[in-house]
Every structure is written in structure tokens, then in C-alpha cells.
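# Observations on the model geometry
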Amino acid sequence: MGFLATTGKYVLFLKRVFSRFEKRTVYLPKIIEEINILGISSIGFVAFVSVFVGAVVTLQVAYNMENPLLPTYLIGLASRDSIILEFSPTMISLILAGKIGSHIASSIGTMRVTEQIDALEVMGINSASYLVFPKICAAVFINPFLIILSIALGIVGGWLAGNLTGICPTEEFLIGLQYEFAPFTMFYAIIKTIIFAFIITTVCAFFGYHTKGGALEVGQASTKGVVYTSILIIIFNYLITNLLLS
Amino acid sequence: MIRVENINKSFGDKHVLNNLSAHFSAGKINLIIGKSGSGKTMAIKCMLGLHPIDSGSIIFNDRDFINISDRQRKEIRKEIGMVFQGSALFDSMNIQENVMFPLKMTKSMSVSDMKKRVDFCLNRVDLKNVHTLFPSELSGGMQKRVAIARAIVLNPKYLFCDEPNSGLDPVTSKVIDDLLKEITYEYGITTVINTHDMNSVIEIGDSIVFIQDGKKEWEGDKKSITTANNKYLNEFIAPSKSLRRFSG
């Protein structure tokens, strides 16, 4: 019953977000601001994680390929596919759920408990649309770029690890990267990223928007937002993979 | 003028407002007084449509505020200014942006005209050289004055204030009371203020509604309040025995 009620409330919340828009001139600067807050400020973190996880993926693939009959370039190929198909779109989205999701839930939650959202409503502004719509637009726009960057840096990390440890020379790694590359995998990664960006922003905003109480409840809303977002990302990851790759 | 007729509001089994009726006149300071938890804030939030009421009617100058479309409600809300208990200034904006915000969202004015209007409102509440500061850099009293400036920036017909003196020292409270009084009389606004500050009641209460457990217990003005024959009101005015002896 609680689950159904929450789902219903979430759908009604989305209806409010996508209705009664304010003046168009209001949204553009807010979207640019959110791109900076949610996306640009995450570049360093995403780059750091991607390089190291890319390196670890390559080392693990090499560790599992002890058979001398298997060509070395398979290390590059397996690393590429792991990074494009799963690590970058899913794992980085999960990490972003923690970073930007908690930011969204806590900032909107704080606005709720300090009556800033009520102030918007009294001014005749659709607070849900004004606060959440720019965040959705920003994340759906910028997250694919973050994921593309993550894929590139993950592969660079893998190449560095393979080269520095001597388990996969540059030429072999490059052959692996190019071997039977299907551009559709990139499309799949971007589709997943866009859906995950929508989930991160709307679910966390939903929990922040419906915060009641004080600082403690803002923290709880933030935690709830991140947990539910992570669960939904895992479920949708399976559903999208089943739809697009099976 | 605002008319509230038989409004009821409950959360589950808890009745917060019980058949509350009141009349708030234009050009006067109308106070809603009562103990903490008596339903004052809920009454104001229901009047503003922030909480839907269970039954009853709310009329702004012969315009029903309940049975209307969102668009019509938005039009009425453009005529309303509100000062929240905690000021509710937007943390991410500086003072100029905070006061300019309602103009930006509802009017098609040039930036220079908006700046002029913001300057006028900040001067009106006696604040200078604060334009670039952020709310967290101001004292509680200054934040309240910025909130008043933001509330009057659209020339409202109705001004609501939820405990404008809470958390302020008596001197600053007096400054805020005087400011609200001046603005109300100067612009002929229908001002509705929630308070439990007896100084405000005596200083600015043109019309007073006393609420107890969500019900209207007494209605009158600052002259008649001290001679009122209502047990709850007398308790509220002079809660201790010594105070009651002192006030006769």
C-alpha cells in the first residue's frame, strides 16, 4: 500500500513538474546554472574514478585470461566492452546518484523546511516545475557527456595499466579496442545514461520536495532519495539491457 | 477585504481549524492571536491556499479563492505579499535578487526598472548597501525587513505576516511593527498578522481575532482586549497570577 501510494504521489509530482511552466526566459539561465552545479563540477570526480576503474578492469581481464591460446588483444576488447556497456553508464550513474542526487534532495528539502517553497507558491509560481524541470534538463543534457568522458578515460586507464605492467602492449590493446566495434553499444550506453539521469533528478527531487520537519528529516530525505535511485537504476539497467541487447 | 467563512481543516483525527470565520478589513492591521499550536499559522496557510481546506470558503474582495482554477488562483496570488516566520529568503540569491525575484517572475519590466523598484522597496524598509549581501550575512531583523521589501515589491493588496517578531528583541520587534503599520496605512493594504506578542497586539492591533484550538474564541480590537470576558483570552494575556494581579 505504501509503495503504491508513493508511486502515485511520484506520478502526480511529475505531472506538476511538466505542467504550468513559467516564462521561458526564467528557465534558460537556471538550466545553465544546473549544468554547472550537477555536471561540470562532477568532471574531476568522474575522471578520477574512470581512470582507476578502467585500469582495474584491464588488470582483472588479464588475470582471467591465462590460457596462452587466447590472443592478448582480447584484453583490450574485453576492457572496452566492459567499460562501454556497464562500467561507465551504470557505475558512474550510481556514483552520480550519490553525489548529485543527495545534493538535489537536500537542497530542495532545505527549501521545503525553511518555507522557501511555500514562498514560491504564494508568489503564484509552480514550485515543482520551477525547481525540478531545470535540473532534469541539465542532467539529461550533461550526463551523456560525462559518460562519454568516462568511457574515454576508462579506456585510457586500461591502456596505461596494460602498458605499464606489460600485460598488454599498446599495439595489441589498440587492435582489441577496434576489433568488431559495434557503434550501437555507444548508443545503448547513452540511452541508459539519459534514463538514469531522469531517475536521479526526479526521484531525489521527489523525496526532497516532500520533506516534512527539520534538518534531521532533510538528511533522511537525502538518504532515501539516493537509496531508491540506486535501486531503480539497478532495476532499469536490467530492463533496458533486456530490451536493447537480448 | 478578506472574508473567511466556516473553514475546517483536519489531519486524520486531529481538527486543526474548527468552523473558523473572520473578516479582515482593508487598510487595517488585522491580528490573529493565540497560543502556540492554536492553529494561527494553519489559518494563514489555508487562506493562501498552501493547505487545502476540508470545507468553508475564503473570499478575497468578492472573489472566491477555493472553487477557482489554478490560473485564477495565480492571478489572486499576484496581489498577495507574504512574510514568513523564518523570512524564507532564497539562500542562493543575494538581497537584490531576492527582492527582484517576484518582479522577474511576473512582470515584463526592463532590468533597470526592476532595479529602481528594488531600491525603492529596500529604502522603504530602511535598508541600504545590502544589495550584494546574501541572507546568511544579515541579522534576523534585517532578514525580516528584506522579507517585507520582497512582499511589497509587487504592490500587494493583501499582506500576510506569520509571526513577524519571532526571534527578535523588543526594540527590533517595535521597528518591524511600526514598518508594517506604516505600509498598511500608506498603501491601504489588507494586512493579516499572526502573533502571540502582546506588545504588537497593543501597538498595532486594529482588529483582533483570538483563536483557541482552531476555534475563534473572541473578536475585538486593542482597546477592548483588556476588558474582554473570556477565560482563554485572559489566560493568554496574563498567563501568571502575578501578571493578572498587576493588570487588574
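Only a predicted model underlies this, so the values are computations on that prediction, with no experimental measurement involved.

## Overview of the overall build of chain A
- For chain A, the count of helices and strands is nine helices and zero strands.
- Listing every helix and strand of chain A by position from the N terminus yields α-α-α-α-α-α-α-α-α.
- Dimensions along the principal axes, computed over C-alpha positions, put chain A at roughly 70 × 40 × 30 Å.
- Residues classed as buried in chain A amount to 47% of the 246 residues present.

## Here we look at a nonpolar patch on the surface
All names here are of chain A.
- Where nonpolar side chains cluster on the molecular surface, the patch consists of Val-227, Tyr-228, Ile-231, Ile-235, Phe-236, Tyr-238 and Leu-239 and spans about 650 Å² of accessible area.
- Following the sequence through the fold, Phe-236 ends up in helix H9 (residues 215-245).
- Overall, Phe-236 belongs to the partly exposed group, its relative accessible area being 33%.

## Considering the sheet that holds strand E4 (residues 55-60) of chain B
All names here are of chain B.
- Ordered in space as E2-E1-E4-E5, the four strands form an open sheet in which the pairing is antiparallel. At either margin of the open sheet sits one strand with a lone partner, and together these are strand E2 (14-24) and strand E5 (63-64).
- Two strands pair when backbone bridges link them, and strand E1 (residues 2-11) and E2 are joined in this way by seven bridges, in the antiparallel orientation. In the strand pairing of E2, Phe-11 is matched with Lys-14.
- With respect to the sheet, helix H1 (residues 40-47) is in contact with E1, E2 and E4, its orientation differing from that of E2 by roughly 65°.

## Topic: the sheet that holds strand E6 (residues 80-83) of chain B
Residue and element names in this part refer to chain B.
- Strand order in the open sheet formed by six strands is E6-E7-E8-E3-E9-E10, with mixed pairing between adjacent strands. Sheet topology places E6 and strand E10 (215-220) at the edges, where each strand pairs with a single neighbour. The sheet shows a mean angle of 15° between the axes of neighbouring strands, taken without regard to direction.
- In terms of strand pairing, strand E3 (residues 29-33) meets strand E9 (residues 207-212) through four bridges, oriented parallel. Across the sheet, residue Leu-31 finds its bridge partner in E9, namely Ile-208.
- Strands E3, E6, strand E7 (158-162), strand E8 (190-195) and E9 of the sheet are contacted by H1, whose axis makes an angle of about 150° with E8.

## Some words on unusual backbone geometry
Residue and element names in this part refer to chain B.
- At Asn-6, a position not held by glycine, the phi torsion is positive, near 45°.
- The residue Asn-6 is located in strand E1 in this model.
- Exposure remark for Asn-6: the relative accessible area of 43% places this residue in the partly exposed category.
- Although it is not a glycine, Asn-155 adopts a positive phi angle of roughly 55°.
- The residue Asn-155 is located in the loop between helix H5 (140-152) and E7 in this model.

## What to know about the environment of Gly-101 of chain A
- Relative to the assigned elements, Gly-101 of chain A resides in helix H4 (residues 73-113).
- In this structure the C-alpha to C-alpha distance between Gly-101 of chain A and Cys-204 of chain A, which are 103 residues apart in sequence, comes to 5.5 Å.

## Topic: helix H3 (residues 95-106) of chain B
- Counting buried residues in H3 of chain B gives nine out of 12 residues, a clear majority hidden from the surface.
- Within H3 of chain B the residues assigned to the buried category are Ile-95, Gln-96, Asn-98, Val-99, Met-100, Phe-101, Pro-102, Leu-103 and Met-105 of chain B.
- Buried residues along H3 of chain B sit against helix H2 (24-39), helix H5 (116-122) and helix H6 (127-165) of chain A together with helix H4 (111-124) and H5 of chain B.
- Backbone nitrogen of Gln-96 of chain B and a side-chain oxygen of the N-cap are separated by 3.2 Å at the start of H3 of chain B; the cap is Asn-94 of chain B.

## Re the nonpolar core
- In this structure, Tyr-130 of chain A together with Ile-2, Phe-24, Met-47, Phe-60, Phe-101 and Phe-160 of chain B are the most contacted members of the largest nonpolar core, which totals 97 residues.
- Take this core: its biggest share by element is 13 residues, from H6 of chain A.
- In this structure, this core is formed jointly by two domains, domain 1 (2-79 + 156-247) and domain 2 (87-155) of chain B, each of which donates at least three residues.
- What Met-47 of chain B contacts, discounting residues up to four positions off in sequence, is Ile-2, Val-4, Phe-24, Ile-32, Ile-58, Phe-60, Phe-65, Phe-160 and Val-192 of chain B.
- Membership of the second largest hydrophobic core comes to 44 residues, among which are Val-146, Ile-152, Leu-159 and Phe-210 of chain B.

## Considering the domain arrangement of chain B
All names here are of chain B.
- Annotation of chain B at the domain level lists domain 1 (2-79 + 156-247) and domain 2 (87-155).
- Computed over C-alpha atoms only, the centres of domain 1 and domain 2 are separated by 25 Å.
- Summed over both sides, the interface between domain 1 and domain 2 buries roughly 1200 Å², with carbon and sulfur atoms accounting for 68% of that surface.
- Across the contact surface, domain 1 and domain 2 share two salt bridges.
- With a shortest N-O distance of 3.4 Å, Glu-182 and Arg-124 are connected by a salt bridge.
- Inspection of the domain 1/domain 2 interface yields four residue pairs in polar contact (both at pLDDT 80 or more).
- A total of eight residues in the side of domain 1 that touches domain 2 trace back to one element, the largest contributor, which is helix H6 (residues 170-187).
- Split into classes, the residues belonging to the side of domain 1 that touches domain 2 amount to nine nonpolar, two polar and five charged.

How each quantity is defined
Residues numbered from 1 in each chain as written. Chains lettered and ligands numbered in written order. Predicted model: local features only at pLDDT ≥ 70, side-chain atom pairs only at ≥ 80, totals over all residues. Heavy atoms only, no water. Helix = DSSP H or I, 4+ residues; strand = E, 2+ residues; numbered from the N terminus. Buried < 20%, exposed > 50% of the residue type's maximum accessible area, 1.4 Å probe, protein only. Patch = residues over 30% accessible without salt bridge, like charges linked within 9 Å, V, L, I, M, F, W, Y side chains within 5 Å. Areas by Shrake-Rupley, 256 points an atom, 1.4 Å probe, with all protein chains shown as cover. Salt bridge = Lys/Arg side-chain N within 4 Å of Asp/Glu carboxyl O. Pairing = 2+ DSSP bridges. Contact = heavy atoms within 4.5 Å. Axes fitted to C-alpha atoms, helices over the stretch in contact; angles between N-to-C directions. Polar contact = N/O pair within 3.5 Å; in protein donor to acceptor, adjacent residues only side chain to side chain. Core = buried A, V, L, I, M, F, W, Y, C linked by side-chain atoms within 4.5 Å. Domains from an automatic or database assignment. Buried area = accessible area lost by both parts, 1.4 Å probe. Nonpolar A, V, L, I, M, F, W, Y, C, P; charged D, E, K, R; others polar.

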